[in-house]
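# Descriptive analysis of the structure
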Amino acid sequence: MIEETIFSKIIRKELPSDMLYQDELVTAFRDINPQRSLHVLIVPNRHIPTVDDVTSEDEAALGRMFSVARKIARDEGISADGYRLVVNCGEHGRQEVPHIHMHLLGGEDVGPMLNRRN
């Protein structure tokens, strides 16, 4: 049985969201707890729990996630200055919702990717 997630309900429009894009493969909406001035989540419409669960059947949706990120970055006026795309996987990767999702962050300097270890 496929696990129900908050993203599944947003995709089906059972929960309100500030949706920016939706097609047959992916859905994009503003994060309700933004970490930067622009913080959008881009998710495949088919439930894929983690990157570890990706199959060759998912390649079209995953590629679409990147092209939608590009479109939204341009539409929101942040593409010239740059932005960050992040996909977390599992507990140690700090994935909070068990449904693959890409964070599009921008509109300001997003800071260093990781703190350096000595």
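These remarks concern the structure in this document.

## What to know about the side chain of Ser 8
Secondary-structure assignment places Ser 8 in helix H1 (residues 6-11). If we ignore the near neighbours within four places in the chain, the residues touching Ser 8 are Glu 3 and His 99.

## Notes on the nonpolar core
With 15 residues, the main nonpolar core has Ala 28, Val 40, Ile 42, Met 65, Val 68, Ile 72 and Leu 104 as its most contacted residues. For this core, the secondary-structure elements that each account for two or more residues are strand S2 (26-30), strand S3 (38-44), helix H2 (59-75) and strand S5 (102-106). When neighbours within four sequence positions are excluded, Met 65 is seen to be in contact with Val 26, Ile 42, Pro 44, Ile 100, His 101 and Met 102. Grouped together as the second largest cluster of nonpolar side chains are seven residues, Phe 7, Ile 10, Val 43 and Val 97 included.

## Topic: the pairing of strand S1 (residues 19-22)
If a strand is regular, its side chains alternate between the two faces of the sheet. One ladder, built from three bridges, connects S1 with S2; its direction is antiparallel. Within S2, the residue paired with Met 19 across the bridge is Phe 29. Remark: three residues form the turn of the hairpin made by S1 and S2, two consecutive strands paired antiparallel.

## A short note on the environment of Leu 38
Inspection of the secondary structure assignment puts Leu 38 in strand S3. Residue class for Leu 38 comes out buried when judged on its relative accessible area of 5%. On a C-alpha basis, the gap between Leu 38 and Ala 80 in space is 14 Å, while along the polypeptide they are 42 residues apart. Discounting chain neighbours no more than four positions away, the residues touching Leu 38 are Arg 30, Glu 76, Ile 78, Leu 104, Leu 105 and Gly 106.

What counts and how
Residues numbered from 1 in each chain as written. Predicted model: local features only at pLDDT ≥ 70, side-chain atom pairs only at ≥ 80, totals over all residues. Heavy atoms only, no water. Helix = DSSP H or I, 4+ residues; strand = E, 2+ residues; numbered from the N terminus. Contact = heavy atoms within 4.5 Å. Core = buried A, V, L, I, M, F, W, Y, C linked by side-chain atoms within 4.5 Å. Buried < 20%, exposed > 50% of the residue type's maximum accessible area, 1.4 Å probe, protein only. Pairing = 2+ DSSP bridges.

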